[in-house]
Amino acid sequence: MSDEMPEGWSATDIGSLFAVNTPGHWGEDGGDGSNVFVLRSANFLKSGGLKYETAAPRKFDQKKLGQKRLAAGDILLERSGGSPAQPVGRVNRFEADGVFSASNFLQILRVRQEVDGWFAYYLLDGFYAAGGTENLQKATTGIRNLDFAAYLATSVLLPPLDEQRRIAKVLRSVDEAIAREIDVNEAAEASLDHALAATTPSPEKIGGHWTTTTIGEFATVITGKTPSTKDAGLWGGEIPFVTPTDMDGSVRSVRAARSITQAAIKQTKIAPANSVLFTCIASIGKLCLNQEPVAFNQQINACACRDATDAAFLYWTLRRLTPQIRAMSGTTAVPIVNKTAFSRVSFALPPPASRHEIVEVLSSISEVIESALRTISSLTELKRRISSDLLSGRVRVPA
């Protein structure tokens, strides 16, 4: 909470914002007699909002249904869940029609009359975004539980109702802009899936202008290697060293967290420019199209291609073939597809002119996706900064 009280504001705590504060309920497996859809943490979308269509059909008795049925504007607070990379305490607003409730891992919050529902949501969302729940987790491994009593006792500042509404209106406008970009991204992703499917030729094309080849025939496959981590002189140079954690799904060259020196080259492998990197151990199927020489570790196979067009075509082909390649790993404790098996994976190969056309179409759709993702990231950061300023009273929204 801010050290200075903005004029007209008052100090309170999170618990005082709500007239209804009740845990969710899981109910029973009602089969065809289910009378409620129950939302869980799994229904929280990473981009914000709730995925209602995958809510679990359950059965409540009438008393529980009356107590636990969600109303539009209710806030769902994640009391149990989270992970090392995602603290517990996420919030979402319920906005659907129909009979819904929340699981017992969620808390149902409904604001009192003197509090704007959207303002309360942004207050809790801003608290979470600022890391406010990180120190309120009762467990640090496995499932995490929110120290709910401490959460409710957390001090917050409350502006007058009219100003709450003005603050919420500003933040909603940013959320609406983010939602538009998410729609663009989802439409482009659907177009990309359709275009990728179209790169699989009909049987009559094979043996005509199209041929069949393998990864090993089309590219030079190289398995990576990690230089000694005990020799400090091998690390911190100018050559990027790529591991699977650096591969975020972007088509373009990855930004490696580590690098090696020239002295380490003899202890590793170098993927030249116009290579496709593909993880074949543990997290099978991460890939990127690399446009500069990089070193890489033993979890990755690099496919060095003749030119940029062939590299891009192989990148998109491997994206389409990823489920098939993953299935080759079997059921071992650590999934692995060895270099030989990976090199033997076959695919349909069009003539060079068609390859170029396919790459142009897929790359143009990918650029739309990456542009939308960059905009979403920028708007999310903008929202974080605006939220911090408005909810603390450092910046006021004029009447």
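Placed above this text is the structure.
So, here's what we can say about the structure. (Residues numbered from 1 in each chain as written. Predicted model: local features only at pLDDT ≥ 70, side-chain atom pairs only at ≥ 80, totals over all residues. Heavy atoms only, no water.)

## What to know about the overall build of the chain
Next, step 1: Tallying secondary structure elements over the chain gives eight helices and 21 strands in all.
Next, step 2: A buried classification covers 44% of the 399 residues belonging to the chain.
Next, step 3: Once local pairs closer than 6 in sequence are excluded, the contacts in the chain between residues at least 24 apart make up 75%.
Next, step 4: One way to put it: in the chain the 43 positive side-chain charges average out to a point 5 Å from where the 42 negative ones average out. (Helix = DSSP H or I, 4+ residues; strand = E, 2+ residues; numbered from the N terminus. Buried < 20%, exposed > 50% of the residue type's maximum accessible area, 1.4 Å probe, protein only. Contact = heavy atoms within 4.5 Å. Lys, Arg positive; Asp, Glu negative; His and termini not counted. Charge placed at Lys NZ, Arg CZ, Asp CG, Glu CD.)

## Brief notes about the sheet that holds strand β3 (residues 36-39)
Next, step 1: Pairing in this open sheet of three strands is mixed, and the strands run β4-β3-β8 from one edge to the other. Each of the sheet's edge strands pairs with one partner strand only, and the pair in question is β4 (56-58) and β8 (100-102). For this sheet, the mean inter-axis angle between neighbouring strands, taken without regard to orientation, is 40 degrees.
Next, step 2: One ladder, built from three bridges, connects β3 with β4; its direction is antiparallel. Within β4, the position partnered with F37 by the bridge is P57. (Pairing = 2+ DSSP bridges. Axes fitted to C-alpha atoms, helices over the stretch in contact; angles between N-to-C directions.)

## Let's talk about helix α6 (residues 308-327)
Next, step 1: Between the first and last C-alpha of α6 there are 28 Å, a value that for 20 residues agrees with the 28 Å anticipated at 1.5 Å per step.
Next, step 2: Taken as a whole, α6 carries its principal kink of about 55 degrees at L321; the proline P323 stands between one and four residues after it.
Next, step 3: Of the residues making up α6, those classed as buried are D310, A311, A312, F313, L314, Y315, W316, T317, L318, L321, T322 and I325.
Next, step 4: One side-chain oxygen at the N-terminal end of α6 lies 3.2 Å from the backbone nitrogen of T309; it belongs to D307. (Expected span 1.5 Å × (residues − 1). Bend = angle between axes of the 7 residues up to and from the residue. Polar contact = N/O pair within 3.5 Å; in protein donor to acceptor, adjacent residues only side chain to side chain.)

## Side note on the packing of aromatic side chains
Next, step 1: Per the stated rule, a full pass over the model turns up 15 aromatic pairs.
Next, step 2: Centre to centre, the rings of W118 and Y121 are 6.0 Å apart; their planes meet at 85 degrees, and the pair counts as edge-to-face. With W118 and Y121 both in helix α2 (residues 117-129), this residue pair falls three residues apart, about one helical turn.
Next, step 3: Grouping aromatic residues by their ring pairs yields a cluster made of F37, Y52, F94 and F100.
Next, step 4: Over the ring of W118 we find R93; its NZ or CZ atom is 3.8 Å from the centre of that ring.
Next, step 5: Positioned above the aromatic ring of F218, the side-chain terminus of R306 is 5.4 Å from the ring centre. (Phe/Tyr/Trp six-rings, centres within 6.5 Å; stacked < 30°, edge-to-face > 60°. Lys NZ or Arg CZ within 6 Å of the ring centre and 35° of its normal.)

## Description of the side chain of N92
Next, step 1: Structurally, N92 is set in strand β7 (residues 91-93).
Next, step 2: N92 gets classed as buried once you look at its relative accessible area, which sits at 5%.
Next, step 3: Here G49 takes part through its backbone nitrogen, which lies 2.9 Å from a polar atom of the side chain of N92.

## Description of the state of the cysteines
Next, step 1: A full pass over the atoms with the stated rule returns zero disulfides.
Next, step 2: Cysteine C288 is unpaired, with the sulfur of C303 as its nearest cysteine sulfur at 11 Å.
Next, step 3: Residue C288 is classed as buried on the basis of its relative accessible area of 1%.
Next, step 4: C303 takes part in no disulfide bond, and the closest cysteine sulfur to it belongs to C305, at a distance of 6.5 Å.
Next, step 5: Using a relative accessible area of 0% as the deciding quantity, one classes C303 as buried. (Disulfide = S-S within 2.5 Å.)

## Focus: the packing of helix α4 (residues 161-198) against α6
Packed helices, taken two at a time, are described by their axes: the angle between them and the distance between them.
Next, step 1: Where α4 meets α6, the closest approach of the two axes is 10 Å, and the angle between their N-to-C directions is 95 degrees. In this view, α4 runs roughly perpendicular relative to α6, as classed from their interaxial angle. Mapping the contact onto sequence places E189, L192 and L196 in α4 and W316, R319 and R320 in α6. (Parallel < 35°, antiparallel > 145°, perpendicular 65-115°, else oblique.)

## Some remarks on the nonpolar core
When a protein is soluble and globular, its nonpolar side chains tend to lie buried together.
Next, step 1: With 37 residues, the main nonpolar core has L314, L318, I325 and F342 as its most contacted residues.
Next, step 2: Looking at this core, the elements that each hand over two or more residues are α4, α5 (215-218), β17 (275-279), β18 (287-290), α6, β21 (346-349) and α8 (352-392).
Next, step 3: Here the element with the most residues in this core is α6; it accounts for nine residues.
Next, step 4: Setting aside residues no more than four positions away along its own chain, I325 makes contact with F278, I284, L318, V337, F342 and V345.
Next, step 5: Among the nonpolar cores identified, the runner-up in size contains 30 residues, and V115, A120, L123 and L390 belong to it. (Core = buried A, V, L, I, M, F, W, Y, C linked by side-chain atoms within 4.5 Å.)

## Comments concerning the sheet that holds strand β5 (residues 75-78)
Next, step 1: Overall, antiparallel pairing links the four strands, which are arranged β2-β9-β5-β7 in an open sheet. Strand pairing shows two members of the sheet lacking a second neighbour, β2 (18-23) and β7, which therefore form its edges. Strand-to-strand twist of the sheet, defined as the mean angle between neighbouring strand axes without regard to direction, takes the value 20 degrees.
Next, step 2: As judged from the four bridges shared by β5 and strand β9 (residues 106-111), these two strands associate in the antiparallel manner. Following the sheet pairing, E78 is matched in β9 by L106.
Next, step 3: Against the sheet, α2 touches β2, β5, β7 and β9, its axis set at about 160 degrees to β7.

## As for the environment of R58
Next, step 1: Looking at the secondary structure, you find R58 in strand β4.
Next, step 2: Sequence-wise, R58 and V38 are 20 residues apart; in three dimensions their C-alpha atoms are separated by 6.6 Å.
Next, step 3: Engagement of the side chain of R58 in a polar contact is seen with the backbone oxygen of E28, the distance being 3.5 Å.

Any link to function would need more than the numbers given here.
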